Amino acid sequence: MEELLRNIFLYSPEHPLIFTRFYFWAFFAIVLFGYSFLNNSKNRSIRAGFLFLVSLFFYYKSSGMFFFILLFSTVYDYYIGKWVYAVGTKLKKKLLISSSVFVNLGLLAYFKYSYFFIGSINEIFHTNFEVINYMAQFVNNYTGTHFSVDAILLPVGISFYTFQTISYSIDVYRGELKPVNNIIDFGFYVSFFPQLVAGPIVRASQFIPQMYKDYSLTKADFGLAIFWIMNGLVKKIFIGDYIAVNFVDRVFGAPLHYSGFENLMALFGYSLQVYVDFSGYTDIAIGVALLLGFVLPVNFNSPYKAKNVGDFWRRWHISLSTWLKDYLYIPMGGNRNGSAFSYISLIFILAFIVLISGNLWLLPIFGLISIVSILFAWKFPHFKHGINTNINLMLTMLIGGLWHGASWQFIIWGGLNGLGIMVYKFWRNISPWENINHWIVNVWKIFLTFTFITFTRVFFRSESMDVVNGMMHQIFNSMSLEIIPAVVAGYKWVFIIMLIGFVFHWLPYKTKNNYRAWFIRQKYVVQAFIFAFVIFVVYQSISSDMQAFIYFQF
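Residues numbered from 1 in each chain as written. Predicted model: local features only at pLDDT ≥ 70, side-chain atom pairs only at ≥ 80, totals over all residues. Heavy atoms only, no water.

(A) View of unusual backbone geometry. Phi is positive for Ser 302, which is not a glycine, with a value near 40°. Summarising the element assignment, Ser 302 is placed in the loop between α11 (260-291) and α12 (309-315). Judged by its relative accessible area of 7%, Ser 302 falls in the buried class. Within the chain, His 317 stands out as a residue other than glycine whose phi angle is a positive 45°. Residue classification places His 317 among the buried residues on the basis of a relative accessible area of 0%. (Helix = DSSP H or I, 4+ residues; strand = E, 2+ residues; numbered from the N terminus. Buried < 20%, exposed > 50% of the residue type's maximum accessible area, 1.4 Å probe, protein only.)

(B) Examining empty space enclosed by the protein more closely. Taken as a whole, this structure holds two cavities of 30 Å³ or more when the rule is applied. What lines the second largest cavity is simply Tyr 35, Arg 44, Arg 47, Ala 48, Leu 51, Phe 188, Met 211 and Phe 294. Top contributing element to the lining of the second largest cavity by residue count: helix α3 (residues 44-63), with four residues. For the lining of the second largest cavity, the residue count by class is six nonpolar, no polar and two charged. (1 Å grid on protein atoms, 1.4 Å probe; cavity = no way out; pocket = protein on both sides within 12 Å on 5 of 7 lines; lining within 4 Å. Points joined across faces, edges and corners; volume = space filled by probe spheres on them. Nonpolar A, V, L, I, M, F, W, Y, C, P; charged D, E, K, R; others polar.)

(C) Main features of the pattern of salt bridges. Per the counting criterion, the structure on display carries six salt bridges. Taking the shortest distance from any N to any O, the salt bridge between Arg 203 and Asp 326 comes out at 3.0 Å. Of this pair, Arg 203 sits in the loop between α8 (183-191) and α9 (204-211) while Asp 326 sits in helix α13 (residues 318-332), placing them 123 residues apart in sequence. Overall, Arg 203 belongs to the buried group, its relative accessible area being 13%. Between Lys 235 and Asp 283 there is a salt bridge; the shortest N-O distance is 2.9 Å. Placement of Lys 235 in helix α10 (residues 219-253) and of Asp 283 in helix α11 is noted, with a sequence separation of 48 residues between them. Among the ionic contacts, a cluster of salt bridges with common partners joins Lys 236, Asp 241 and Asp 277. (Salt bridge = Lys/Arg side-chain N within 4 Å of Asp/Glu carboxyl O.)

Below, the structure written as structure tokens:
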């Protein structure tokens, strides 16, 4: 009995609380049962307090003692929001909002980039600094615990809730939002468990007004919620996990052991996997939230139907793309001109590149390039205009790459996507097919965009440049067409499931809306039967232990 209680209530790194485990659904059933008794409460903070507590428990079961970091961010930004709203002078507001950005990003950098900074400093200056977990050391000194102090682990979801608290403080500073009534309500907004660890990133202006409304769940809402949960589980487990475990992970693990065709198919397979994995999480999060009476924003809009790279980023991870646009790209100056913020960001990125390379000799090279660019901008106005209208775009994509991790792979991935958008901006002005809406032209545009995005993903997925080089070598030098039938036969079920995934993704919107609406219209008993059958098939497809969602690592 004691062992059972420990498994239920204590954190286990081997068994985190994730959507694909049966334990989560038992947890959610209990939460839903308890929440049903609070729906008629006149005090909305009681409902918020209940969901705040269960969200903290969810995060503890997902990330252990890191839930104290979540509590710190919650308390700190709650009071920053109150003070920013209350103080009268612009200078004090700017100082407060600057402290919010500095503390939040500093906390994120400590957990996410400590190993990178220490490793780079040791390589450049030939020192022997070691990473020390000062937070664990502090807790051990004052509580008598024995947490490891020689390793820093990344708290699950820290990038997502950090961005939420930053956006809240900035929106209050801009006068677009009033502070929430109390810290319980704010804590609930920050920690709402369906979207806590992998998004979507929810704006306070979208979510907080829903907290003060009466609970409402119509039959249509219930049917839609069940559909999204079912849809997400099919994407994640039946498609994503199956092709990852049985094909994609194997090829990326040792690309030189596989043919060029297998490496190429693994790239396209990963494009499908990362989409169904991440959008599957979002679908489940939207469905779970809707059952609790809350509407989360759409995070994906059939991104592989995009006709250009810019269109792709308007459809992919929409909550992050719009966050970067509103709080980074537009404050830099958007597509109008460069600004002081732009050049500060440029220096920041160049510093990262120097550290990644481990070579200080890049500094004079960057300095020389900067001087030449300034001279060209002074002498040739068109060159200056080109820099001003594109520098912020490229900087935003590079910072988006660094948000995922500090490595050459993420720098190149972000840079290639920025370059893809810039090339399209020039091409659309001279393309004879830009305004042609014929289906052949559209298919060609979608194919080119999808292929480009897929090839950039080799940098996103690979753990080192050796993997990138290995895959590219095999694709361009070992493409033996005669072995394709044997490869397809050997991975028959993998390719069938990949085909199913792509076909459903590329179905017309009307078709998708029709079968979704058909499910919503059915009686509860029919919905329950379909749901039970689909879930049975999904869990029968599991061929290894549950796979964590890809974006948990970010």
